Amino acid sequence: MIRFASLGSGSRGNSLIVDAGEVKILLDCGFSVRTMVSRLARLSVLPEDITGILVTHEHSDHIAGVNRFACRFGIPVYLTHGTFGFVENDNERHAEYRVIDGHAPFGISSLQIKPFPVPHDAREPVQYAFSDGVHRLGVLTDCGKITPHIVDVLDGCDALVLECNHDSGLLADSTYPAMLKRRISGDFGHLDNQQAASLLRTINSSRLQHFVAAHLSEQNNSPSLVRKAVAEALGCEQSWVGVASQQDGFGWRSL
Ligand SMILES: [Zn+2]
Ligand SMILES: [Zn+2]
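The structure displayed is predicted, hence computed values, not measured ones.

Participant: So, the coordination of the zinc ion (ligand 2): which residues are in play, and what are the values?
Facilitator: Coordination of the zinc ion (ligand 2) by the protein comes from H57 (NE2), H59 (ND1), H120 (NE2) and D142 (OD), over a distance range of 2.1 to 2.4 Å. Seen from the zinc ion (ligand 2), its four donor atoms lie at angles of 92 to 168°, and the figure they make is irregular. The metal-metal distance between the zinc ion (ligand 2) and the zinc ion (ligand 1) is 3.6 Å, with D142 serving as a donor to both.

Printed below as a string of structure tokens:
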């Protein structure tokens, strides 16, 4: 069995937990140690129970707490060579870093982990899919554009946590500086609701038991716009569509 939950999702910090029984993995650690500990407690998890931390890329909303949290609790950190290059320069005391190949699946005890490269404005960003051999969970945030490889990896998954960062109209009309608008909406930025919906129309979603929208912009999106776009794409009820929040993430979901 795999279960997963979020400690918070959005541009002010991200962390997801994947629990396959004897192995508990954090995906990113974008909060302070104190916040991580208190939000893990919300999910009845002790920091000492974490087996490893996977990092997607070096933006601070994903790595702000990685080194300190990993040092404090003696947890190994898995990351690509490019991401490691950034972390290495940045810290005095190092956690135990394990550099992974962003194209090569690997295992942490019984949990199978498949990193996959994504277009985003970072040094060597990856996202991850997880499997216990029976069910598959795909996670995709911080991605400017859907590539054929992303479609391959997420096709037929049983659960999906997917970036729905912004509504393109709200972003265009926002007070953000033009350069920032271009960055967010560009091919190395973030997925908007329609890009997310288009991915959902492309992949085989017949096995999908859970869908949670993630990394929503608090200024340029809303849960209701996301639910509408996703429900149209999946042909499901809007109430079935999960939405992760910055403050609360989302609670445990099981496969
Ligand atoms: Zn991010
Ligand atoms: Zn990012």
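So that's the structure; there's more coming.
Participant: So, the pattern of salt bridges: which residues are in play, and what are the values?
Facilitator: A side chain of one charge can pair with a side chain of the opposite charge when the charged atoms of the two come close. Under the counting rule described, the total for this entry stands at eight salt bridges. A salt bridge links E96 to R98; its shortest N-O distance comes to 2.7 Å. Take E96: its relative accessible area is 42%, and that puts it in the partly exposed class. You can call R98 partly exposed: its relative accessible area is 35%. Sharing partners across several salt bridges, the network here consists of R3, D19 and K24.

Participant: So what about the coordination of the zinc ion (ligand 1)? Which residues, and what values?
Facilitator: All of the protein donors around the zinc ion (ligand 1) are D61 (OD), H62 (NE2), D142 (OD) and H215 (NE2); their distances to the metal are 2.1 to 2.2 Å. Metal-centred angles of 92 to 162° between the four donor atoms at the zinc ion (ligand 1) mark the site as irregular. Of note, the zinc ion (ligand 1) draws all its donor residues from one chain, in the sequence arrangement D-H-x79-D-x72-H. Exposure remark for H62: the relative accessible area of 1% places this residue in the buried category.

Participant: So what's going on with helix α3 (residues 66-73)? Residues and values would help.
Facilitator: Within α3, burial applies to V66, N67, F69, A70 and C71. Next to the buried residues of α3 lie β3 (24-27), α1 (33-42), β4 (52-54), α2 (60-63), β5 (77-80) and β6 (97-100). Note on α3: the residue one or two positions beyond its end, G74, has a positive phi of about 60°.

Participant: Mind laying out helix α9 (residues 223-234), listing which residues take part and the relevant values?
Facilitator: For α9, spanning 12 residues, the distance from its first C-alpha to its last is 16 Å, which sits close to the expected 16 Å at 1.5 Å a residue. Restricting attention to buried positions, one finds in α9 the residues V226, A229, V230, A231, A233 and L234. As for α9, its buried residues are in contact with α8 (193-202), β12 (210-214) and β13 (242-243). Just downstream of α9 lies G235, where phi reads positive at about 65°.

Participant: I'd like a description of the packing of aromatic side chains, backed by residues and values.
Facilitator: Summed over the entire model, instances satisfying the criterion amount to five aromatic pairs. Consider the rings of F4 and F250, whose centres lie 5.9 Å apart with planes at 80°: the pair is edge-to-face. A residue pair is termed long-range when its members are at least 10 positions apart, and F4 in strand β1 (residues 3-8) and F250 in strand β14 (residues 250-254) qualify at 246 residues. Considered together, F4 and F250 belong to a single accessibility category, that of buried residues. With 5.0 Å between their ring centres and 55° between their planes, F69 and F73 make a pair best called tilted. Residue F69 and its partner F73 are located together in helix α3, separated by four residues, close to a single helical turn. Look at F69 and you get buried, because its relative accessible area is 0%.

Participant: Now, about the sheet that holds β4: what can you tell me, with residues and values included?
Facilitator: As summarised here, the arrangement of the seven strands in space is β6-β5-β4-β3-β2-β1-β14, forming an open sheet in which the pairing is mixed. Unpaired on one side and paired on the other, β6 and β14 mark the two borders of the sheet. In this sheet, neighbouring strand axes are inclined to one another by 25° on average, regardless of whether the strands run parallel or antiparallel. In this sheet, β3 lies alongside strand β2 (residues 15-19) in antiparallel orientation, the contact comprising four bridges. Looking across to β3, one finds that D19 is bridged to K24. Strands β1, β2 and β3 of the sheet are contacted by α1, whose axis makes an angle of about 140° with β1. Along the sheet, α3 makes contact with β3, β4, β5 and β6, crossing β4 at roughly 165°.

How each quantity is defined
Residues numbered from 1 in each chain as written. Chains lettered and ligands numbered in written order. Predicted model: local features only at pLDDT ≥ 70, side-chain atom pairs only at ≥ 80, totals over all residues. Heavy atoms only, no water. Donors = N, O, S within 2.8 Å, 3.2 Å for Na, K, Ca; no water. Tetrahedral: all angles 85-135°; square planar, octahedral: opposite > 155°, others 65-115°. Salt bridge = Lys/Arg side-chain N within 4 Å of Asp/Glu carboxyl O. Buried < 20%, exposed > 50% of the residue type's maximum accessible area, 1.4 Å probe, protein only. Helix = DSSP H or I, 4+ residues; strand = E, 2+ residues; numbered from the N terminus. Contact = heavy atoms within 4.5 Å. Expected span 1.5 Å × (residues − 1). Phe/Tyr/Trp six-rings, centres within 6.5 Å; stacked < 30°, edge-to-face > 60°. Pairing = 2+ DSSP bridges. Axes fitted to C-alpha atoms, helices over the stretch in contact; angles between N-to-C directions.

In short, shape yes, function no, at least from these values alone.
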